[in-house]
Amino acid sequence: MDIRQLRYFLAVVEHGSFTRAAAMTGRTQQALSKGIAALEQQLGARLFERGSRGARPTAVGRLLLDHARTADDTLRTFEQRLQELQTGTEGEIRIGTGPTAAGSVVAPAVLALRAAWPRLGVRVTGGVLPELLPALLARELDVVIALDTMLQTDPRLHRDLLVNDEYRIMASASHPLAGRAGLTAADLLDHPWVMGRRLGEVQTQFRQRFTNAGLSPPAQSLESSSLDFVRTLVRDGEYLTLLPTRLVHVELASRQWTRLAVPGFSWERPLVVYTRLGEPQSDPQARLLQALRNAAEQAG
C-alpha cells in the first residue's frame, strides 16, 4: 500500500467528506478520489459509503482504520527522527495559535523553550479555533492554543485550561462613549461596529443581549480577522468592537483604548490548549506544554 493513499483515506475519515479532506490535504478532489479508488482496487473492497451526509467507512474501512493510523504514526515518527538526525535539531513542535494566545502565552512559552533547547524546531500557524482544530485532528499540528468560543469539544481531543480571559466592548479613549456612566444597549446602536471573525458563542450571546432589550443587534457590515484593520477603525473611525482583553492589553495599558462599562456585555472565556486524546506526548510536546503552563501562570 502507498502511504499517500493511506493518508488520503485517513483524511476522509477525519473530515467525513471527500471535499473537506481534499481541502485540508491541499489536493484536488479528483486526485484524492483517484488515490482512494486505487487503494480500494488493491484491497478488493469499498472503503466508504457515500451519501448526502458525506462519506462513512464501510466494515472494511473500519478494519483498515486502526492499522492505517498506526502505520501513519510510525512513519511520521521516523520522518521526525530522520529530520532531527539530518539537521541536528532536538525535534520539532508544530503549534496552532489564536490571536489572543499568540502574544500573551505562546510567544513567552516559545522564548523560554528555545532558551532551554535552542535546537528545537518550532513552527507556528495563526488562525481561529474552528480552523485550527481540523488541522490538529489531521495531524498537521501538534498543539492548538486559543480562546475557546465553542460550546462542544470534539471527543477525539483533550482540552486543558490555561487561563481565563474576558471579552469586553472596546473603544478608543476619544470615543464619545468613553468614560460615560450608565450606558445601555441602546447607546451602543448609535455608533458603527467592526467585529472579529467566528466569535462563536460569544457573538451569539452578544446579539441576544440586544434582542432581550427589545432591540435589533448592530448591523455587522464590517468583519475582519486582521487586528491591525480593527485597530485602525477603532482609532480613526470611532468604531466599537468586541475583543478579548488580553488581545489589546497594550492599547489598554497605554490608555489609547478603554473598556465600556455596559451591564451584561462581558463574557469570560477560557484560554485552552488542545492535543489529540490518547496519544503519547513527544518530548518537544511535553516541553511546550510545561512552558505554556508557566507562561499562563505569569500572564494570569
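Predicted, not measured: the structure shown is a model, and the values here were computed from it.

What about the overall build of the protein chain?
Inference 1: Assigned secondary structure in the protein chain consists of ten helices and nine strands.
Inference 2: Principal axes of the C-alpha set define a box for the protein chain whose edges measure 70 × 50 × 30 Å.
Inference 3: Put simply, the protein chain has 300 residues, and 43% of those count as buried.
Inference 4: Contacts spanning at least 24 positions in sequence make up 74% of the contacts within the protein chain whose residues lie at least 6 apart.
Inference 5: When the accessible surface of the protein chain is summed, it comes to about 15500 Å², and 50% of that surface belongs to carbon and sulfur atoms.
Inference 6: When the 35 positive and 31 negative side-chain charges of the protein chain are each reduced to one mean point, those points stand 3 Å apart.

Remarks on the packing of aromatic side chains
To describe a pair of aromatic rings, you give the distance between the ring centres and the angle between the ring planes.
Inference 1: For the coordinates displayed, the defined rule picks out eight aromatic pairs.
Inference 2: Both rings, one in F206 and one in F265, keep their centres 6.0 Å apart while their planes meet at 80°; by these two values the pair is edge-to-face. Linking F206 in helix 7 (residues 201-212) with F265 in the loop between strand 8 (257-259) and strand 9 (266-276), this pair joins segments that are 59 residues apart in sequence. We note that F206, like F265, is buried.
Inference 3: Taken together, the aromatic side chains of W193, F206, F210, F265 and W267 make up a single cluster linked through ring pairs.

Notes on helix 5 (residues 99-116)
Inference 1: For helix 5, which comprises 18 residues, the first-to-last C-alpha distance of 25 Å matches the rise-based estimate of 26 Å (1.5 Å per residue) to within 8%.
Inference 2: Along helix 5, the helix axis deviates most sharply at V106, where the bend reaches about 40°; the proline P108 sits within four residues downstream.
Inference 3: Buried within helix 5 we find T100, A101, S104, V105, V106, A109, V110 and L113.

Some thoughts on the UniProt feature "domain: HTH lysR-type" (unreviewed entry) in the protein chain
Inference 1: Taking the UniProt record as the reference, the feature "domain: HTH lysR-type" (unreviewed entry) is found at residues 1-58.
Inference 2: The straight-line gap between the two end C-alpha atoms of residues 1-58 is 18 Å; of that span, 62% is helix and 14% is strand.

With respect to helix 10 (residues 283-299)
Owing to its 3.6 residues per turn, the α-helix brings residues three or four apart onto one side.
Inference 1: Taking 1.5 Å of rise per residue, 17 residues should cover 24 Å, and helix 10 covers 24 Å from first to last C-alpha, within 8% of that figure.
Inference 2: Along helix 10, the residues that are buried comprise P284, Q285, L288, L289, A291, L292, A295 and A296. For helix 10, the buried positions fall inside an angular range of 170° around the axis, keeping them on one side. Turned more than 90 degrees from where helix 10 packs its buried face, D283, E297 and Q298 sit exposed.

Reading guide: rules and limits
- Residues numbered from 1 in each chain as written.
- Predicted model: local features only at pLDDT ≥ 70, side-chain atom pairs only at ≥ 80, totals over all residues.
- Heavy atoms only, no water.
- Helix = DSSP H or I, 4+ residues; strand = E, 2+ residues; numbered from the N terminus.
- Buried < 20%, exposed > 50% of the residue type's maximum accessible area, 1.4 Å probe, protein only.
- Contact = heavy atoms within 4.5 Å.
- Areas by Shrake-Rupley, 256 points an atom, 1.4 Å probe, with all protein chains shown as cover.
- Lys, Arg positive; Asp, Glu negative; His and termini not counted.
- Charge placed at Lys NZ, Arg CZ, Asp CG, Glu CD.
- Phe/Tyr/Trp six-rings, centres within 6.5 Å; stacked < 30°, edge-to-face > 60°.
- Expected span 1.5 Å × (residues − 1).
- Bend = angle between axes of the 7 residues up to and from the residue.
- UniProt positions renumbered as here; feature names shortened; annotations may be inferred.
- Arc of directions from axis to C-beta.

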